[in-house]
Amino acid sequence: MSKDSLFTPLKLGAIQIPNRIIMAPLTRMRAGAANVPTSLNAKYYSQRASAGLIISEGTAISPDAHGYPLAPGVYTGEQIAGWCVVTDAVHAAGGRIVMQIGHNGRNSHSSLRPDSSVPVAPSAIPPNIPALTRDFQQVKAEIPRALETAEIPSIVSVFRQAAQNAIKAGFDGVELQGANSHLIEQFLEDGTNVRTDSYGGSKENRARFLLDIVDEVSDAIGADRLAVRLSPFGQYGGIHDSKPRELFSFVIRELSKRHLAYLHLIEARGSEMGLTDELHEDALNNASLFRSEFAGPLISAAAYTPESAALAVEQKQADAIAFGRLFIANPDLVERIKGNHLLNLFDRSTFYGGAEHGYTDYKTFGDAAGAPICRA
């Protein structure tokens with residue numbers, strides 16, 4: 001089938017993009033010392049600058065927001081300077097890039113926190129996945145500390161500052177990580193939030209943390225440079241809600257009122273963290289289900305092929321499609337899809353941690369002779 005629908009321009013708030021092939025946010029754990037981005041990160045992102053939009057890997061808003069070793073931050077001058085090298089390289093290559101900012105909440109480990117305290121969460125409920133230590137060791141998740149009500153507004157303010165730092169670092173916008181069982185989603189869903197204060201109980205209260213952040217960040221950088229990522233019906237890390245459709249319909253309607261640059265939805269049918277290639281074909285189609293609830297541009301992600309991506313855009317289920325693993329293995333993914341060229345296969349063993357191998361050494365189509373390939 002034709003993939004022409006992926007190659008028309010699109011306006012995402014204040015950001016004009018030339019095509020609808022988006023690079024998804026991808027945890028790679030390759031930042032330098034003190035969680036500072038390096039020239040290697042700049043090379044990786046600039047190699048993929050032909051994407052309509054690059055969404056950066058999840059970036060910690062503060063020293064105690066980290067969930068993975070060697071993941072970047074955006075809370076020190078050195079980190080901002082490191083990110084400037086990245087954004088300069090992407091822009092010099094003709095690309096556009098937004099930063100995904102987030103707080104891992106309970107999906108962290110005390111070894112990653114400056115004071116070695118246990119992770120924080122809306123409630124003292126641990127995830128059902130192992131934690132990663134500072135030394136990349138998998139260990140049993142710790143029971144998090146439930147945040148005090150008085151602490152929450154300060155975290156909202158830290159999100160605001162992180163967004164301002166991202167713009168200072170040259171990013172074209174900011175995406176809030178409200179998916180993948182991070183702190184925002186932990187507040188949203190009643191399986192992880194059993195609070196009895198103004199941030200718990202009703203769906204309106206559980207959405208307060210997210211909406212407060214959205215309002216603060218919009219005030220700081222403009223709603224037209226802000227986006228939100230959500231994963232309705234996702235179950236990564238043991239996240240769950242008793243009435244997910246009702247919850248996310250409400251949340252998405254509220255976000256629609258705020259005139260964001262875009263909404264980014266992860267499809268429930270695909271693995272959320274790239275840990276397996278398992279698909280759940282009978283899962284609800286989030287893009288189709290929630291399309292009518294959001295008036296602005298919608299990006300859909302997870303388990304798309306170039307063909308299914310083009311069909312989703314053609315049928316107006318989504319305005320653009322985010323690719324993750326295909327962008328890891330194919331820095332020139334846009335050109336390969338447009339030319340119907342073969343695709344490199346990804347090497348899962350190199351996804352997390354390491355150096356150049358599996359990060360910046362994937363071949364482009366012109367010099368990919370002999371590389372493992374599959375049909376686009």
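Residues numbered from 1 in each chain as written. Predicted model: local features only at pLDDT ≥ 70, side-chain atom pairs only at ≥ 80, totals over all residues. Heavy atoms only, no water.

A. Region of interest: helix H9 (residues 306-314). Here H9 has its buried residues at Pro 306, Ala 309, Ala 310, Ala 312 and Val 313. Taken end-on, H9 shows its buried residues confined to a sector of 160°, consistent with a single buried face. Looking at the buried side of H9, the elements it contacts are strand E15 (320-323), helix H10 (325-329) and helix H11 (333-339). A positive phi of about 65° marks Lys 316, the residue just after H9. (Buried < 20%, exposed > 50% of the residue type's maximum accessible area, 1.4 Å probe, protein only. Helix = DSSP H or I, 4+ residues; strand = E, 2+ residues; numbered from the N terminus. Arc of directions from axis to C-beta. Contact = heavy atoms within 4.5 Å.)

B. Here's a closer look at the packing of helix H3 (residues 152-168) against helix H6 (residues 208-221). Contact geometry of H3 with H6 gives a least axis separation of 9 Å together with a crossing angle of 35°. At the point where H3 passes H6, the crossing takes the right-handed sense. Across the interface between the two elements, Ile 152, Ile 155, Val 156, Phe 159, Arg 160, Ala 163, Gln 164 and Ile 167 of H3 pack against Phe 209, Asp 212, Ile 213, Glu 216, Val 217, Asp 219, Ala 220 and Ile 221 of H6. Its residues placed into classes, the contact of H3 with H6 shows 11 nonpolar, 1 polar and 4 charged. (Axes fitted to C-alpha atoms, helices over the stretch in contact; angles between N-to-C directions. Left-handed = near helix turned anticlockwise from the far one by under 90°. Nonpolar A, V, L, I, M, F, W, Y, C, P; charged D, E, K, R; others polar.)

C. Representation of the side chain of Asp 172 within the structure. Turning to its location among the elements, Asp 172 is positioned in the loop between H3 and strand E11 (173-178). Buried and unpaired, Asp 172 has Arg 225 as its nearest opposite-charge partner, separated by 5.0 Å. Discounting residues that sit within four places of it in the chain, Asp 172 has contacts with Ile 15, His 91, Arg 96, Ile 97, Val 98 and Arg 225. (Lys, Arg positive; Asp, Glu negative; His and termini not counted. Salt bridge = Lys/Arg side-chain N within 4 Å of Asp/Glu carboxyl O.)

D. Region of the structure containing the pattern of salt bridges. Enumeration over the complete set of coordinates arrives at 14 salt bridges. Notably, a salt bridge pairs Arg 160 with Glu 216, separated by 3.1 Å at the nearest N-O pair. Here Arg 160, found in helix H3, pairs with Glu 216, found in helix H6; they are 56 residues apart in sequence, far enough to count as distant. Overall, Arg 160 belongs to the partly exposed group, its relative accessible area being 22%. Residue class for Glu 216 comes out partly exposed when judged on its relative accessible area of 31%. Asp 197 is paired through a salt bridge with Arg 195; the nearest N and O atoms lie 2.7 Å apart. Connected through shared salt-bridge partners, Asp 215, Glu 254, Lys 257 and Arg 258 make up one network.

E. Structural context of the packing of aromatic side chains. Counted under the stated rule, the structure contains 10 aromatic pairs. Seen in terms of ring centroids, Tyr 44 and Tyr 359 are 4.1 Å apart; in terms of plane orientation they differ by 15°. Their pairing is stacked. A residue pair is termed long-range when its members are at least 10 positions apart, and Tyr 44 in helix H1 (residues 39-47) and Tyr 359 in the loop between strand E16 (342-344) and strand E17 (373-375) qualify at 315 residues. Residue Tyr 44 is classed as buried on the basis of its relative accessible area of 0%. Taken together, a centroid distance of 5.3 Å and an interplanar angle of 70° make the contact between Trp 83 and Phe 171 edge-to-face. Of the two residues, Trp 83 sits in helix H2 (residues 77-92) while Phe 171 sits in the loop between H3 and E11, which places them 88 residues apart along the sequence. Phe 171 gets classed as buried once you look at its relative accessible area, which sits at 4%. Among the aromatic residues, those joined into a cluster by ring pairs are Tyr 44, Tyr 45, Trp 83, Phe 171 and Tyr 359. Positioned above the aromatic ring of Phe 250 is the side chain of Lys 203, whose terminal nitrogen or guanidinium carbon lies 5.6 Å from the ring centre. (Phe/Tyr/Trp six-rings, centres within 6.5 Å; stacked < 30°, edge-to-face > 60°. Lys NZ or Arg CZ within 6 Å of the ring centre and 35° of its normal.)

F. Here's a closer look at H6. Over its 14 residues, H6 runs 20 Å from end to end, which matches the ideal 20 Å to within 8%, given 1.5 Å per residue. Those residues of H6 that fall on the buried side of the exposure criterion are Phe 209, Leu 210, Leu 211, Ile 213, Val 214, Val 217, Ser 218 and Ile 221. Among the structural elements, H3, E11, helix H4 (183-188), helix H5 (203-206), strand E12 (226-230) and helix H7 (244-256) are those in contact with the buried residues of H6. Two residues or fewer after H6 comes Gly 222, characterised by a positive phi angle close to 100°. (Expected span 1.5 Å × (residues − 1).)

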